[in-house]
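# Architecture and fold: a report
Here is how the chains run, residue by residue.
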Amino acid sequence: MKRTYLALLITCLLFIRCTEKKPALIPPTAVNLFTVKTQMVTYYDKYPGNTVALSQVDLHAQVQGYITGIFFTEGTHVKKGQKLYEIDQRLYQEAYDQAKANLDVANGNLTQAQQDNDRYKYLSSKDAVAQQLVDHAVITYENAKNSVKAAEQALKMAATNLTYSVISAPFDGTIGISQVRLGNMVTVGTTILNTISTDDPMGVDILISEKQLQHFEELKDAAQEKLDSLFTIVLPNGSLYPYLGKISVIDRAVNVQTGTITVRVVFPNPKFTLKPGLSCVLKVHNQDTAPQMLVPSKAVVELMGEYFVYMAKDTLARNADDSTKTHPVLVAIQKKVQIGQTIAPNVIIKSGVKPDDKIVVDGVQSLHSGAVITLGQKPDGAKKN
């Protein structure tokens, strides 16, 4: 009985083992490959910036009074020395006339004092006058000369105040909207009449990192004429500004908190298209003369700030039925790369792969390093049969 039971148990175990299914094999992931090639690439490094006037000043009144004249059109180009505002001149004209009259009186007194001084000195040489009178004549003459000097200075001050009652443009530029109107009272040093800024050329300020400083120093020192489009700007509406720029100034110091430094690029502005404070993008033409490895951006995977691609590699795998035998398979190997500039749908690879390497461009989302792959993934947007 026991033998019969044991035999039945062994038979059942053998039956279960024979009928046990083998684990299903993971099918290869269908992908598309891209062969890495080198080619000459023209691209631009882009920096956000703002336009700035090379010179800009606020116009203040230097004398007090009411605005009696405005002689310009707001928002237009004005010339150096052009009359812009006039402050009530009556008081300053009267002060000038009075100072001039005082100078005339002082000159008359000086003439009289000089004649008396000469006369008393002559009489003194003949012992015909008391020495005290001679001394008084000399003192009077010296006081008269000092009075003339004081009157001259008063006249200069009155003339200066009269001149300050007319505000003129300090340089060629564009004037803004007037902050005062006819009849407004202006106060010395506090009232801003208007703002005027140079308009041609116009600067564009950008911030670069301290790592890029040496490169921009080289660009400043190099003969920029060798490359026609070294510096261009894109306007807020997306259009390309038609004039080319050149580096004017690199700031004196790096900001220790941000690690950046300001670079100013100057552009011609003959049509006054650029206005101070305009947002734009400065495009700096890349000067790499060596061929670059350009691959589709979708082939690059970012993980924790690092970049990787999957490279296809032929290898051998053991057969599932007979582990002593192998067969060729294609696997995806993860490779760390250093990327460069992004150019439309592509990106430059600086290192990590080499020409003729085959990398995965479609199907990277389903991969891990060492995964078996096969060709046949439909590109993005393609219809599958």
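Residues numbered from 1 in each chain as written. Predicted model: local features only at pLDDT ≥ 70, side-chain atom pairs only at ≥ 80, totals over all residues. Heavy atoms only, no water.

Moving on to the pattern of salt bridges. Overall, the coordinates contain 10 salt bridges when judged by the stated rule. Note that Asp 116 and Arg 119 form a salt bridge whose closest N and O atoms lie 3.0 Å from each other. Of this pair, Asp 116 and Arg 119 both sit in helix 2 (residues 90-125), 3 residues apart, which is roughly one turn of that helix. Overall, the relative accessible area of 25% leaves Asp 116 in the partly exposed class. A relative accessible area of 45% places Arg 119 in the partly exposed class. Salt-bridge contacts for Lys 298 lead to Asp 362; the nearest nitrogen and oxygen are separated by 3.2 Å. Here the residue Lys 298 occupies a position in the loop between strand 17 (292-296) and strand 18 (301-303), and Asp 362 occupies one in strand 22 (residues 358-362), the gap between them amounting to 64 residues. (Salt bridge = Lys/Arg side-chain N within 4 Å of Asp/Glu carboxyl O. Helix = DSSP H or I, 4+ residues; strand = E, 2+ residues; numbered from the N terminus. Buried < 20%, exposed > 50% of the residue type's maximum accessible area, 1.4 Å probe, protein only.)

Attention shifts here to the environment of Ser 279. Residue position: Ser 279 is located in strand 16 (residues 279-285). Separated by 231 residues in sequence, Ser 279 and Pro 48 place their C-alpha atoms 7.5 Å apart.

This part takes up the side chain of Asn 194. The topology assignment puts Asn 194 in strand 11 (residues 192-197). Looking at Asn 194, the relative accessible area reads 1%, which means it is buried. Side-chain polar atoms of Asn 194 contact the backbone oxygen of Gly 176, separated by 3.1 Å. Beyond its immediate stretch of four places on either side in the chain, Asn 194 contacts Val 57, Asp 58, Leu 59, Phe 72, Tyr 85, Ile 175, Gly 176, Ile 177 and Ser 178. (Polar contact = N/O pair within 3.5 Å; in protein donor to acceptor, adjacent residues only side chain to side chain. Contact = heavy atoms within 4.5 Å.)

As a further point, take the pairing of strand 15 (residues 260-267). Direction of pairing for strand 12 (residues 202-209) relative to strand 15: antiparallel, over a ladder of 8 bridges. Within the sheet, the bridge partner assigned to Ile 206 lies in strand 15 and is Val 263. Sheet topology note: the strand 14 (residues 246-250)/strand 15 ladder contains 4 bridges and is antiparallel. Each residue of the ladder has a partner; that of Ile 247, found in strand 15, is Val 265. (Pairing = 2+ DSSP bridges.)

Moving on, we come to the pairing of strand 17. When a strand is regular, its side chains alternate between the sheet's two faces. In terms of residue burial, strand 17 counts as a mostly covered element, since 5 of its 5 residues are buried. Sheet topology places strand 2 (residues 38-39) next to strand 17; 2 bridges connect them, and they run antiparallel. Paired with Gln 39 across the bridge in strand 17 is Gln 292.

Looking at the chain as a whole, its pLDDT mean stands at 83, while 85% of the residues score no less than 70. Predicted confidence for residues 379-385 stays below pLDDT 50, and this span has 7 contacts to residues more than four positions away or in other chains. (pLDDT = per-residue confidence, 0-100.)

Our focus in this paragraph is the packing of helix 2 against helix 3 (residues 131-164). Interaxial distance between helix 2 and helix 3 falls to 7 Å at its minimum, and their mutual angle equals 160 degrees. Classified by the angle their axes make, helix 2 and helix 3 are roughly antiparallel. Note that helix 2 runs across helix 3; the crossing there is left-handed. The residue makeup of the contact of helix 2 with helix 3, split by class, is 22 nonpolar, 11 polar and 5 charged. (Axes fitted to C-alpha atoms, helices over the stretch in contact; angles between N-to-C directions. Parallel < 35°, antiparallel > 145°, perpendicular 65-115°, else oblique. Left-handed = near helix turned anticlockwise from the far one by under 90°. Nonpolar A, V, L, I, M, F, W, Y, C, P; charged D, E, K, R; others polar.)

A few words now on the sheet that holds strand 15. The strand order 13-16-3-12-15-14 describes an open sheet built from 6 strands, whose pairing is antiparallel. What marks the edges here is a single partner per strand, and that holds for strand 13 (231-234) and strand 14. Here the strands of the sheet are splayed against their neighbours by 40 degrees on average, with no regard to which way each runs. Docked against the sheet, helix 4 (residues 213-221) engages strand 3 (44-53), strand 12, strand 13, strand 14, strand 15 and strand 16, running at close to 125 degrees with respect to strand 14.

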